[in-house]
Amino acid sequence: MLSHKQLFLLNTAQTSDFPRLLEIEKAEGCYLIDPTGRKYLDLVSGFAVSNLGHRHPNVIEAIKKQLDKYLHVTVYGEYIQAPQVLFAQKLSSVLPKNLSSVYFTNSGAEATEGALKLAKKFTNRSQIISFHHAYHGSTHGALSVMGNEYYKQAYRPLLPDIHFINLNNKQQLDDITSNTAAVILEAIQGEAGVRVPDADYLKALRTKCNETGAVLIFDEIQTGFGRTGKLFAFEHFDVIPDILLLAKGMGGGMPIGAFIASKKMMDVFKDNPILGHITTFGGHPVSCAAGLATLETILAEDLMSPVEEKEKLFRTLLKHPKIKEIRGKGLMLSIQLDNFKQVEAVSKTCVENGVIIDWFLHCDNAMRIAPPLIITLDEIKFACKVILGAISAH
Ligand code: PLP
């Protein structure tokens, strides 16, 4: 009989020659547990997904309740499904008034795809402006607005009429014109190695979009659901987008995403053609039930308030001559080192010593810190000790 590792390498698609190859038997709270019972402190959260920790009891209970009622019943937007409507209502109740119409998807990339289509249809324009080092997903449309040629070159032709500008460069805002359908931007750039925009830059961007009629899309797929210390990162900057993209932390570990806009904007999907955007599984009732429980728990347990103190502790403890910079906001942090070889070696040593950290797609000399929001101060102290030891060793 082949081992799970052999089957993994043989029958599941491989996208790199150096997968982490950690077998997971169980996950609970801030820990992943392997088949020998060894526990690993998770500082990655399944890539900013497990904000509540793994298998939060409220999420598990909501999933179990929904399992006893129904699973998939029809394509999106036809039947009234309580988990969908209640989750959509809860989301709109915590968002600004203009973000009241929720289109549920299965993933972040699908949210990006839907939002790009919506902006084009709403404005009757085609140009999309995106940012260098941006990441919005890996499907063709999302890949077209990715700001890294390395990942795109093998897949051309991609979408036409995409233009890239630099974050925090106010002069380049003049590239946004009355031909621009949308400007798409991560509220805090994630895969770029965590780059926080200036608040006054975002305000100027908002003004430019208002002047030109371009739709402003904020991708909060990584920053949403409390990760940065606010429910959504745009709250730090006091700038409200026209379309908001969500996924990752949204489902408490279940797959779900959404793009959210005004009812007026979303209504353009209704005609010419009707069914302007279609999904079979988007807004799956079990994922929506899990999502509603996740959002209610984040709010009820006020998981956002302690985030700033936890960020401070990481920043205080992570002092080392080899650390060049710590960037980020809340529990979305990046430790800047020298090069990829060092990052990979440090990450490997951390995992060997029971702490899971990882790297970024567009910034290969930095390490990702994105633990569940429920991480304790003692767990942070342990994690930092392991990280500093690994950095000293490499
Ligand atoms: N947008 C951002 C900012 C992301 O970080 C990601 C995933 O890492 C995506 C979009 C794509 O989400 P998904 O992997 O669910 O398609």
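Residues numbered from 1 in each chain as written. Predicted model: local features only at pLDDT ≥ 70, side-chain atom pairs only at ≥ 80, totals over all residues. Heavy atoms only, no water.

A.B. asks: Please clarify how the overall build of the chain should be interpreted in this entry.
C.D. replies: For the chain, the helix and strand inventory stands at 14 helices and 15 strands. For the chain, whose C-alpha radius of gyration is 21 Å, the value lies close to the compact-globule estimate of 21 Å for 394 residues. C-alpha atoms of the chain, sized along the principal axes, occupy 60 × 55 × 45 Å. Counting every position in the chain, which comprises 394 residues, the buried fraction comes to 54%. Once local pairs closer than 6 in sequence are excluded, the contacts in the chain between residues at least 24 apart make up 73%. (Helix = DSSP H or I, 4+ residues; strand = E, 2+ residues; numbered from the N terminus. Rg over C-alpha atoms; globule rule 2.2 N^0.38 Å. Buried < 20%, exposed > 50% of the residue type's maximum accessible area, 1.4 Å probe, protein only. Contact = heavy atoms within 4.5 Å.)

A.B. asks: Got a minute to help me understand the pattern of salt bridges in this structure?
C.D. replies: Any two side chains of opposite charge can pair if their charged atoms end up close together. For the structure on display, the rule yields 17 salt bridges. What emerges from the salt-bridge pattern is a single network uniting Arg20, Glu344 and Asp358. (Salt bridge = Lys/Arg side-chain N within 4 Å of Asp/Glu carboxyl O.)

A.B. asks: Which parts of the structure should I look at to understand the site of the ligand?
C.D. replies: As a matter of local geometry, the ligand sits amid Ser107, Gly108, Ala109, Tyr135, His136, Gly137, Glu186, Asp219, Ile221, Gln222 and Lys248. In this structure, Gly108 approaches the ligand through a main-chain N or O atom, which is 2.8 Å from an oxygen atom. Interatomic distance of 2.8 Å between a backbone N/O atom of Ala109 and an oxygen atom of the ligand. Look at the ligand: alone it shows 390 Å² of surface, and the protein chains cover 81% of it. Broken down by class, the residue content of the shell around the ligand amounts to three nonpolar, five polar and three charged. (Near = heavy atom within 4 Å. Polar contact = N/O pair within 3.5 Å; in protein donor to acceptor, adjacent residues only side chain to side chain. Areas by Shrake-Rupley, 256 points an atom, 1.4 Å probe, with all protein chains shown as cover. Nonpolar A, V, L, I, M, F, W, Y, C, P; charged D, E, K, R; others polar.)

A.B. asks: Help me out: how do you make sense of the packing of aromatic side chains in this one?
C.D. replies: How two aromatic rings sit relative to each other is set out by the distance from centre to centre and by the angle between their planes. Scanning all chains against the criterion turns up 11 aromatic pairs. Relative to Trp359, the ring of Phe18 has its centre 6.5 Å away and its plane inclined at 35°; by these criteria the two rings are tilted. In this pair, Phe18 sits in the loop between helix 1 (4–11) and strand 1 (26–28) while Trp359 sits in strand 14 (residues 358–359), placing the two residues 341 residues apart along the sequence. Aromatic side chains Phe340 and Trp359 sit 4.9 Å apart centroid to centroid with 80° between the ring planes, which places their arrangement in the edge-to-face category. (Phe/Tyr/Trp six-rings, centres within 6.5 Å; stacked < 30°, edge-to-face > 60°.)

A.B. asks: Help me out: how do you make sense of the side chain of Thr279 in this one?
C.D. replies: Relative to the helices and strands, Thr279 is located in the loop between helix 10 (263–266) and helix 11 (285–300). Residue classification places Thr279 among the buried residues on the basis of a relative accessible area of 7%. Looking at Thr279, its side chain comes within polar contact range of the main-chain nitrogen of Phe281, at 3.5 Å. Beyond its immediate sequence surroundings of up to four residues, Thr279 is in contact with Val75, Tyr76, Tyr103, Phe104, Asn106 and Glu110.

A.B. asks: Looking at this structure, I do not really get the domain arrangement of the chain. What am I missing?
C.D. replies: Reports of interface size often rely on the accessible area that becomes lost once the parts have come together. Entries for the chain in the domain assignment read domain 1 (21–51 + 303–393) and domain 2 (58–300). Placing a centre on the C-alpha atoms of domain 1 and another on those of domain 2 gives a separation of 26 Å. Between domain 1 and domain 2, the residue contacts involve 25 residues of the former and 31 residues of the latter. For domain 1, the biggest contributors to the area lost against domain 2 are Met304, Met332 and His362; these three give 34% of the whole. In this structure, the connection of domain 1 to domain 2 is made through one salt bridge. For Glu191, the salt bridge is made with Arg368, and the minimal N-O distance between the two is 2.8 Å. Where the side of domain 1 that touches domain 2 is concerned, the elements lending two or more residues are helix 2 (45–48), strand 11 (325–329) and strand 12 (332–336). In the side of domain 1 that touches domain 2, the residues fall into 16 nonpolar, six polar and three charged. (Domains from an automatic or database assignment. Buried area = accessible area lost by both parts, 1.4 Å probe.)

A.B. asks: Would you mind showing me how to read the sheet that holds strand 8 (residues 215–219) here?
C.D. replies: With respect to topology, seven strands assemble into an open sheet ordered 4-10-9-8-7-5-6, the strand pairing being mixed. Strands at the two margins of the open sheet, each flanked by one partner only, are strand 4 (101–105) and strand 6 (162–165). Pairwise comparison of adjacent strand axes, ignoring direction, gives a mean angle of 20° for this sheet. As defined by bridge partners, strand 4 adjoins strand 10 (residues 257–261) across five bridges and the pair is classed as antiparallel. The partner of Val102 across the bridge, within strand 10, is Ile260. (Pairing = 2+ DSSP bridges. Axes fitted to C-alpha atoms, helices over the stretch in contact; angles between N-to-C directions.)

A.B. asks: Just to check I follow, could you spell out a nonpolar patch on the surface for this structure?
C.D. replies: A cluster of nonpolar side chains, Leu2, Leu7 and Leu10, forms an exposed patch at the surface whose accessible area comes to about 270 Å². Relative to the assigned elements, Leu10 resides in helix 1. Note on Leu10: relative accessible area 58%, which makes it exposed. (Patch = residues over 30% accessible without salt bridge, like charges linked within 9 Å, V, L, I, M, F, W, Y side chains within 5 Å.)

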